[in-house]
Amino acid sequence: MTVATETEYEVVIGLETHIQLQTASKMFCGCSADYANAAPNSHVCPVCLGMPGVLPVINSKAIEYIIKLGLALHCEIPEYSKFDRKNYFYPDLVKGYQISQFDLPICINGWLEIEVEGRRKRIGITRIHQEEDTGKLTHTNLNGEEVTLVDYNRSGVPLMECVSEPDISTPAEARAYLTKLRQMVRWLGIGTGNMDEGALRCDANVSIMPKGSKVFGTKIEIKNMNSISAVHEALGFEIKRQEEELQAGAVLKQQTRGWDEEKRVTVFQRLKEGSSDYRYFPEPDLPPLQLQADYLAQIRTSLPELPEARRDRFIQEYDLSLYEAELLTGSRATADWFEESLGEEKTPQRARATANWILNELFAHLKEKGAELDEAKIQPRQLASLIDLVQKGTITPKSAKEVFEEMFATGREAAEIVKEKGLPQLSDEAALATVVDKVIAESPKAVADFRAGKEASLNFLIGGVMKATRGTANKDVVTRLLREKLS
Amino acid sequence: MKLDLKVVEDVAHLARLGLNEAEKEQMREELAPILDYFEMLNELDTSHIPPTAQVISVQNLMRPDEVRPSAPAQEVLANAPFREDNYFRVRPIFEK
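Worth saying up front: this structure is predicted, and the values here are computed from it rather than measured.

1. Overview of the overall build of chain A
Step number 1: When helices and strands are tallied, chain A shows 15 helices and 16 strands.
Step number 2: Here the C-alpha radius of gyration of chain A, 30 Å, is well above what a compact globule of 487 residues would show, namely 23 Å.
Step number 3: Along the first, second and third principal axes, the C-alpha atoms of chain A reach 95 × 65 × 60 Å.
Step number 4: Per-residue burial for chain A yields a buried fraction of 50% across its 487 residues.
Step number 5: Within chain A, counting contacts between residues at least 6 apart in sequence, those at least 24 apart form 70% of the total.
Step number 6: Within the structure as shown, chain A displays about 23,000 Å² of accessible surface, and the carbon and sulfur contribution to it stands at 51%.
Step number 7: Side chains of chain A give 60 positive and 73 negative charges; the mean places of these two sets differ by 4 Å.

2. A closer look at the pairing of strand β1 (residues 9-20) of chain A
Where a strand is regular, its side chains alternate between the two sheet faces.
All names here are of chain A.
Step number 1: Across the 12 residues that make up β1, a large majority, 10, are buried.
Step number 2: Across 11 bridges, β1 lies against strand β11 (residues 200-210) in antiparallel orientation. Bridge pairing in β11 places Val11 opposite Ile208.
Step number 3: Bridge count between β1 and strand β10 (residues 158-164): five bridges; the pairing is antiparallel. Directly across from Glu16, in β10, lies its bridge partner Val163.

3. Comments concerning the pairing of strand β13 (residues 255-260) of chain A
All names here are of chain A.
Step number 1: Where burial is concerned, most of β13 is hidden: five out of the six residues are buried.
Step number 2: Sheet topology note: the β13/strand β14 (residues 265-271) ladder contains six bridges and is antiparallel. Each bridged residue has a counterpart across the sheet, and for Thr256 the counterpart in β14 is Arg270.
Step number 3: Hairpin connection from β13 to β14: four residues lie between these consecutive antiparallel strands, with Arg264 at a positive phi of about 55°.

4. With respect to the pattern of salt bridges
Residues and elements named next belong to chain A.
Step number 1: Counted by the stated rule, this structure contains 47 salt bridges over all chains.
Step number 2: We note a salt bridge from Arg311 to Glu326, for which the minimum N-O separation is 2.9 Å. Here the residue Arg311 occupies a position in helix α5 (residues 307-318), and Glu326 occupies one in helix α6 (residues 322-328), the gap between them amounting to 15 residues.
Step number 3: A salt bridge links Glu416 to Arg412; the nearest nitrogen and oxygen atoms lie 3.1 Å apart.
Step number 4: Residue classification places Glu416 among the partly exposed residues on the basis of a relative accessible area of 41%.

5. Observations regarding the sheet that holds strand β15 (residues 281-282) of chain A
Note: strands within a sheet are paired through backbone hydrogen bonds, in either parallel or antiparallel orientation.
Step number 1: An order of β5-β4-β15 (chain A) is seen for the three strands of this open sheet, with the pairing classed as antiparallel. Lying at the two open borders of the sheet, with one neighbouring strand each, are β5 (97-100) and β15 of chain A.

6. Concerning the environment of Asn194 of chain A
Residue and element names in this part refer to chain A.
Step number 1: Among the secondary structure elements, Asn194 is positioned in the loop between α2 (171-187) and β11.
Step number 2: Separated by 27 residues in the primary sequence, Asn194 and Glu221 place their C-alpha atoms 22 Å from one another.
Step number 3: In this structure, Asn194 is in contact with Arg186, Ala199 and Leu200, ignoring residues within four places of it in sequence.

7. Some thoughts on the state of the cysteines
All names here are of chain A.
Step number 1: Following the criterion strictly, the structure yields zero disulfides over all chains and no others.
Step number 2: A disulfide-free cysteine, Cys48 has its sulfur positioned 3.9 Å from the sulfur of Cys29, the nearest such atom.
Step number 3: With a relative accessible area of 5%, Cys48 lands in the buried category.
Step number 4: Between Cys75, a cysteine without a disulfide, and Cys107, which holds the nearest cysteine sulfur, the sulfur-to-sulfur distance is 5.1 Å.

8. Focus: the packing of aromatic side chains
All names here are of chain A.
Step number 1: By the definition in use, this model includes 11 aromatic pairs over all chains.
Step number 2: For the pair Phe102 and Tyr280, a centre-to-centre distance of 4.2 Å together with 15° between the ring planes defines the contact as stacked. In this pair, Phe102 is assigned in the loop between β5 and β6 (107-116) and Tyr280 in the loop between β14 and β15, connecting sequence segments 178 residues apart.
Step number 3: Using a relative accessible area of 37% as the deciding quantity, one classes Phe102 as partly exposed.

9. As for the interface of chain B and chain A
Step number 1: Listed as interface residues are 33 residues of chain B and, on the opposing side, 52 residues of chain A.
Step number 2: Between chain B and chain A the total buried area reaches about 3,800 Å² when both faces are included, carbon and sulfur atoms providing 60% of it.
Step number 3: Counting across the chain B and chain A interface gives zero salt bridges.
Step number 4: The interface formed by chain B and chain A holds 17 residue pairs in polar contact (both at pLDDT 80 or more) in total.
Step number 5: For the side of chain B that touches chain A, the element with the most residues is strand β3 (residues 87-90) of chain B, which contributes four residues.
Step number 6: Residues of the side of chain B that touches chain A, tallied by class, amount to 18 nonpolar, five polar and 10 charged.
Step number 7: As paired strands, strand β9 (residues 145-151) of chain A and β3 of chain B are joined by three bridges and run antiparallel to one another. When the bridges of β3 of chain B are listed, Leu149 of chain A appears paired with Arg89 of chain B.

10. A closer look at the nonpolar core
If you look at soluble globular proteins, the nonpolar side chains tend to sit buried side by side.
All names here are of chain A.
Step number 1: Core analysis: the biggest nonpolar cluster contains 64 residues, and Ile67, Leu69, Ile128 and Tyr177 have the highest contact counts within it.
Step number 2: Element by element, the count of residues in this core is highest for helix α1 (residues 60-72), at eight residues.
Step number 3: The contact partners of Leu69, leaving out residues within four places of it in the chain, are Ile19, Ile128, Met160, Met184, Val185, Leu188 and Ile190.
Step number 4: Formed by 34 residues, the second largest nonpolar core is a distinct cluster that contains Ala351, Leu366, Leu386 and Met407.

11. Some points on the domain arrangement of chain A
Step number 1: Examined at the domain level, chain A breaks down into domain 1 (9-295), domain 2 (305-421) and domain 3 (429-486).
Step number 2: Placing a centre on the C-alpha atoms of domain 1 of chain A and another on those of domain 3 of chain A gives a separation of 67 Å.

12. Description of the confidence of the model for chain B
Residue and element names in this part refer to chain B.
Step number 1: Confidence in the prediction of chain B, expressed as mean pLDDT, is 88, and 96% of residues score 70 or more.
Step number 2: Across chain B, the element-wise mean pLDDT spans from 89 in helix α1 (residues 5-14) up to 96 in strand β1 (residues 62-63).
Step number 3: The ipTM, which scores confidence in the relative placement of chains, is 0.87 for this predicted complex, and the corresponding pTM is 0.84.

13. Quick look at the sheet that holds β13 of chain A
All names here are of chain A.
Step number 1: The strand order β6-β7-β10-β1-β11-β12-β13-β14 describes an open sheet built from eight strands, whose pairing is mixed. Pairing within the sheet leaves two strands with one partner each, and these edge strands are β6 and β14. The average undirected angle you get between the axes of adjacent strands in this sheet is 30°.
Step number 2: Here α1 sits on the sheet in contact with β1, β6, β7 (119-132) and β10, set at roughly 165° to β7.
Step number 3: Contacts between helix α3 (residues 228-247) and the sheet are confined to β1, β11, β12 (220-225), β13 and β14, with β11 contributing the most and set at about 25° to the helix.

Procedures and definitions
- Residues numbered from 1 in each chain as written.
- Chains lettered and ligands numbered in written order.
- Predicted model: local features only at pLDDT ≥ 70, side-chain atom pairs only at ≥ 80, totals over all residues.
- Heavy atoms only, no water.
- Helix = DSSP H or I, 4+ residues; strand = E, 2+ residues; numbered from the N terminus.
- Rg over C-alpha atoms; globule rule 2.2 N^0.38 Å.
- Buried < 20%, exposed > 50% of the residue type's maximum accessible area, 1.4 Å probe, protein only.
- Contact = heavy atoms within 4.5 Å.
- Areas by Shrake-Rupley, 256 points an atom, 1.4 Å probe, with all protein chains shown as cover.
- Lys, Arg positive; Asp, Glu negative; His and termini not counted.
- Charge placed at Lys NZ, Arg CZ, Asp CG, Glu CD.
- Pairing = 2+ DSSP bridges.
- Salt bridge = Lys/Arg side-chain N within 4 Å of Asp/Glu carboxyl O.
- Disulfide = S-S within 2.5 Å.
- Phe/Tyr/Trp six-rings, centres within 6.5 Å; stacked < 30°, edge-to-face > 60°.
- Buried area = accessible area lost by both parts, 1.4 Å probe.
- Polar contact = N/O pair within 3.5 Å; in protein donor to acceptor, adjacent residues only side chain to side chain.
- Nonpolar A, V, L, I, M, F, W, Y, C, P; charged D, E, K, R; others polar.
- Core = buried A, V, L, I, M, F, W, Y, C linked by side-chain atoms within 4.5 Å.
- Domains from an automatic or database assignment.
- pLDDT = per-residue confidence, 0-100.
- Axes fitted to C-alpha atoms, helices over the stretch in contact; angles between N-to-C directions.

Shown next as structure tokens:
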């Protein structure tokens, strides 16, 4: 019997995720939002530089995008919404405030379903609000002097902040939540969701309390996590750290910590200020939003079939396993590729074959090349014709893999490659009989063994024929011929 | 009535104002009547009125997502007290 000597803790995690919207222009002005490769301060204007007297104007696309995400995450979209000023002094924003939303965000009360170790769980979405991104600060040393350089190209790029309920209980759940959220952003085509480029950024709030406690522990915020796996690892580290502190009798203070990617630890940054310090007030320069039912209905209609619905349909319609369906709906591009390849042949058998080709061959080849699906030279309909050739018995599954290699490398048609390589499957009995006779003549031992009842020797002989025909022989015909000739 | 010194110091910090002791005392006196004046508004019963966020009756004023030319870099940086190439240069700041 084991006796628990240490207190067991319950973990409470909430995630705040900032997501850039992939619009052409900025949130409140016409400057290009494509800041990644632009020369410093080349995508700025009086509005995003906060010059006196300018007026911001809302980008309608950004509003459409945030509503799309809100609807996909089962949020309510209140009819009335407005923007507020969040005041702070920091050079990443020129105005001295960020245009954000305080008490009336565009999306509220939604949820996102995750699955961890076969268990499904809904994580509540408290709110998603619209704001603007900040400028980029570079800290550097110029001729022995420490300075900070500021580039405002990113300042004003549309940014959403999605706040989860503190429903997340483990680092694995946090990882699943972020993976799903990113999948949805990409699925809807509203953002790249690339964490390494800063297009998706996540801060985590984590506290622990003794199991069964009714009082929440001290909330500690972690920042600077640049990948989903970093979030997973940082949370794991922080939970352990807090447990050790509490076990040692320490009192935790509300604070912000940063994830140190190199040392793989969280580091104290500062004690937490209250939100009232931001002195939010309604943005006087922007009229409120009155989101009408018909406008929302129009956006709802424009939503694509969402990942979970499509996954469940794949299972139902094509008899795929949950695992296969999850993988095939990992991105909208993959799901589209799969269904395009299926075409009108929607039988479970065909679906299974297509799924296997994509999940095994295509994915392995892409991974090896470090390429994305949209970079693949082989097209969905071309894979379909390759599968046709196998199903019609024109080529063997083994030759098909060779043909696939060539198709993947060149994007050429299957039939063309088959013809060129001389790969059609040998089903012609007269031709095969010659080869079979030759193999029998060359393998007296295997023939004797088989005749003596050793069934396995037949495989040896089949192998001989396959080898002699470079894998193009129809195995069923070869097997029948061998049995006939040896009986 | 004078304001609590702590309140004056907090407000000064939020506005990034460096006040000396004499100025703080002056603010304690001068800020109080301003706050009292706004306090008068609380005498009105506004429980049945939704908060006003905007005084003009325009709604949903939006623009299409179209890129328009940005300002020329030289104009953008013309007023910068300090610059380094095409960057604005500020005193070192490491942590927000």
